[in-house]
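Each chain, written out:
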Amino acid sequence: MLIPEEEEESRGAGGHLVRQPPDTGSVRKGCDPFAQTQRSKLQHRRARINQQINKEMRMRAGAENLFRATSNHKVKETVALELSYVNSNLQLLKEELEELNSCMDVYQNDSEAISVPMIPLGLKETKELDLMVPLRDFICEHYGEDGALFDKEIREFMELRQAMRTPSRNEAGLELLMEYYNQLYFLDNRFFPPSKNLGVFFHWYDSLTGVPSHQRALAFEKGSVLFNIGALHTQIGARQDRTTLQGVDRAIDAFQKAAGAFNYLKENFSNAPSLDMSAPSLNMLVHLMIAQVQECVFEKVTLIHAQDDFLTQLQIAQEAARVEDVYSLVHQTMTQAHVKGYVPFSWTTMVHVKSEHFEALSHYYTAIALCDCPVASDADLPEHEKVFIQFHVTMPEGPSLRVLLQDQEERRKLGKAHLKKAIMRHEEAMRIHGLCKILRKMDILQEVLSFAHKRSLSKYSDIDHEEDFFETGDAPDIHPKTHQRPEIKSPNFSQAKVTDIFHRLGPLTVFSAKNKWHPARKVHLVRGESGFGFTLRGDSPVLIAGVISGGCAAEAGLKEGDFIVSVNGKDCRWSKHAEVVQLLKSVGEDGVELSVITLQSSEVQNMVDRKSAAMSSGGGLLKNNKENSRKSLMNSKSASTLLAWKKSKRSKNSTYSLPFAAVGDNEATY
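Residues numbered from 1 in each chain as written. Predicted model: local features only at pLDDT ≥ 70, side-chain atom pairs only at ≥ 80, totals over all residues. Heavy atoms only, no water.

Visitor: Can you break down a nonpolar patch on the surface residue by residue, with the values?
Guide: Where nonpolar side chains cluster on the molecular surface, the patch consists of Leu245, Leu303 and Ile304 and spans about 220 Å² of accessible area. Positionally, leucine 303 belongs in helix H9 (residues 279–304). (Patch = residues over 30% accessible without salt bridge, like charges linked within 9 Å, V, L, I, M, F, W, Y side chains within 5 Å. Areas by Shrake-Rupley, 256 points an atom, 1.4 Å probe, with all protein chains shown as cover. Salt bridge = Lys/Arg side-chain N within 4 Å of Asp/Glu carboxyl O. Helix = DSSP H or I, 4+ residues; strand = E, 2+ residues; numbered from the N terminus.)

What follows is the structure, encoded as structure tokens:
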């Protein structure tokens, strides 16, 4: 028994994310992967086929190696036969996967109204990933701490990754993917140094062919998640009820965001290991999404302008011509050499069918304007002439424009020519549709094409007179025009508010994978007559900005540039300047034990440079710059590369504060 999609979505929305304070952990859930909805069954079948393709490809690789290595003729014949069998299996699996990817009806809305189906994308599948040992080892080796103490954080991250494999098909699912995408920023900075990899492979399957790919680079993980964000937007757009203004607006927004995700991926991700993330494929997907937006705009115009006046019908005709224009461009893109053999044949056919269908509609609505709308009054005639003179690509043959618009018989003749062309295009769309076995199974598409064709035939029959002895001419093409151009909406990552799961390791300005520091050392200080003999500056962590020669701090071995990580055993990596000062002031006669770290030379020099820049600008200005920097990190809608994320909100555990942020206000000697 199938569970309705609405039940699945509400369960996903309610169980998607329960956010807790960082110290109590959190529970994250995606869609129930075992829920027997049509869509989940489709994803399960796709995952199963991906696994079978992976197995067959391993067998083929082994057979090819054996074929090249052996010199035994009989063995070669046996291996060649085995290769033939494996290749045959692979072809069958890829055809089955293509048919699954063509199951557009599963993703459409449940409305009883007839509407043209949209093309959604299935999500990329990925293998489970166990990060427990690699992250434990890195924490121990790089941060000098017991990795087992961070098992809770590692499990939380792994649970988040597991949940994002099965996102619900709504805003909660998008938030889940965005949250994981943003968490990868912190993971990258915490555990992926520039000169070394973590030794973990990220496995993902091509969304259309099922061919597996794997890389050590975290950028591959980021790119694949970003692809799924775009794919989920396509599914959300396809399921909207486009017979209502609210539904069509949501569909437009979803497809524009899908185009933005694919475009962002194309511009910021290179050397893609899988075809679905290659530049030609992403370019094709961007064009496809824009075409689907344009189709929704046409539907919106038909909903808004229900009246049958002349100018409205011409506007609808030009909107339809614009849809035909963009789908023709998509069809050209899909038939280019780089993607022709990759894109499912059903997609290419669907796009071609839509191109012909909307060209037919443009001629049909033109005929309606000419034949059903009354002749313009003297007051309206100038406006009608102005619009109609720019309506056709080439002016129709026959009488002058004024005569054409005022003579009902001339209007009927031109309308009849447009209907004739509409019927021809409808029949071509139905012919192309019949060539694809998969599309023939889509009853709703067949209904749409058949309805439009019969409507044009009926109208032609109404205006065709028995005494018509003239030969119906060839109607000129209609100039495409739209009142709402599609917008490519880049992902807004700041919408997903996240806190660094591994914030206990300390602020990223210091405690990151790119920085190296000497092991923490403990220093015991006893306050002298002139204090401890050092100057403090900054927050999170507090910096020892200067050491007085001959003072207690100098004798104990403290150095300028040291960071205080604990005071008398209390962790101070995230402590504010005033908090550390208060701890030092409360010290008794026994003195205080500080734990400090020293960054290695290159990092120290960078910190000194930043300190100098901060000091030269003054305390008040520095505070403003800090705030502006934080806002730009939160609100920026694009980044130069996938490896330079700048989109997470600062919280109390934020990593964006500079260690010298309040130079003028909180520097003092103790």
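Visitor: Tell me about the environment of glutamate 95, and please be specific about residues and values.
Guide: Looking at where glutamate 95 falls in the secondary structure, it is placed in helix H3 (residues 73–101). Residue glutamate 95 is classed as partly exposed on the basis of its relative accessible area, which comes to 41%. For the pair glutamate 95 and threonine 209, spaced 114 residues apart in sequence, the C-alpha separation works out to 8.8 Å. (Buried < 20%, exposed > 50% of the residue type's maximum accessible area, 1.4 Å probe, protein only.)

Visitor: Before we move on, could you go through the environment of proline 382 and cite the residues and values that matter?
Guide: Topologically, proline 382 is positioned in helix H13 (residues 381–388). Residue classification places proline 382 among the partly exposed residues on the basis of a relative accessible area of 46%. As for proline 382 and arginine 402, which are separated by 20 residues in sequence, their C-alpha atoms are 9.0 Å apart.

Visitor: Give me the lowdown on the pattern of salt bridges, citing residues and values where you can.
Guide: Inspection of every chain in the model, using the stated rule, returns 25 salt bridges. Across the pair lysine 124 and aspartate 276 runs a salt bridge whose closest N-O atoms are separated by 2.8 Å. In this pair, lysine 124 is assigned in the loop between H3 and helix H4 (132–143) and aspartate 276 in the loop between helix H8 (245–268) and H9, connecting sequence segments 152 residues apart. Classification of lysine 124 by relative accessible area gives buried; the value is 3%. In this structure, the salt-bridge partner of glutamate 409 is arginine 412, at a minimum N-O distance of 2.6 Å.

Visitor: Mind laying out the environment of aspartate 249, listing which residues take part and the relevant values?
Guide: Along the chain, aspartate 249 falls in helix H8. Relative accessible area serves as the criterion here: at 34%, aspartate 249 is assigned to the partly exposed category. Sequence separation of aspartate 249 and glycine 237 is twelve residues, and the distance between their C-alpha atoms is 9.5 Å. A polar atom in the side chain of aspartate 249 sits 3.0 Å from the side chain of lysine 300. (Polar contact = N/O pair within 3.5 Å; in protein donor to acceptor, adjacent residues only side chain to side chain.)

Visitor: If you had to explain the packing of aromatic side chains to someone new, which residues and values would you point to?
Guide: By the definition in use, this model includes 19 aromatic pairs. On the basis of an interplanar angle of 65° and a centroid distance of 5.6 Å, the ring pair of tyrosine 264 and phenylalanine 493 is categorised as edge-to-face. You can see tyrosine 264 sitting in helix H8 and its partner phenylalanine 493 sitting in the loop between helix H17 (443–463) and strand S5 (521–525), a full 229 residues away along the chain. Across this residue pair, the class does not change: tyrosine 264 and phenylalanine 493 are buried. Cluster of aromatic residues (ring-pair linked, three or more members): Phe138, Tyr143, Phe191, Phe502, Phe511 and Trp517. Cation over ring: lysine 76 sits above phenylalanine 67, and NZ or CZ is 4.1 Å from the ring centre. (Phe/Tyr/Trp six-rings, centres within 6.5 Å; stacked < 30°, edge-to-face > 60°. Lys NZ or Arg CZ within 6 Å of the ring centre and 35° of its normal.)

Visitor: Could you give me a rundown of the confidence of the model for the protein chain, with the residues and numbers involved?
Guide: Averaged over every residue, the pLDDT of the protein chain is 80; the share at 70 or more is 79%. This stretch, residues 1–27, has a pLDDT under 50; its non-local contacts, to residues over four places away or in other chains, come to 58 contacts. Throughout residues 33–37 the model reports pLDDT below 50, and contacts reaching past four residues in sequence, or to other chains, amount to 15 contacts. (pLDDT = per-residue confidence, 0-100. Contact = heavy atoms within 4.5 Å.)

Visitor: Report on the pairing of strand S3 (residues 202–205), specifying residues and quantitative values.
Guide: One ladder, built from four bridges, connects S3 with strand S4 (residues 212–215); its direction is antiparallel. The residue bridging phenylalanine 202 from the neighbouring strand is glutamine 215, located in S4. Turn length for the S3-S4 hairpin, with the two strands adjacent in sequence and antiparallel, is six residues, and the turn residue glycine 210 shows positive phi of about 80°. (Pairing = 2+ DSSP bridges.)

Visitor: If you had to explain the packing of helix H6 (residues 171–191) against helix H7 (residues 218–238) to someone new, which residues and values would you point to?
Guide: Between H6 and H7, whose axes approach to 10 Å, the crossing angle comes to 165°. Relative to H7, the element H6 is oriented roughly antiparallel. The crossing of H6 and H7 is left-handed. Two secondary-structure elements touch here, H6 through Gly173, Leu174, Leu177, Met178, Tyr180, Tyr181, Leu184, Leu187 and Asp188 and H7 through Leu218, Glu221, Lys222, Val225, Leu226, Asn228, Ile229, Leu232, His233 and Ile236. Taken together, the residues of the contact of H6 with H7 sort by class into 13 nonpolar, three polar and three charged. (Axes fitted to C-alpha atoms, helices over the stretch in contact; angles between N-to-C directions. Parallel < 35°, antiparallel > 145°, perpendicular 65-115°, else oblique. Left-handed = near helix turned anticlockwise from the far one by under 90°. Nonpolar A, V, L, I, M, F, W, Y, C, P; charged D, E, K, R; others polar.)

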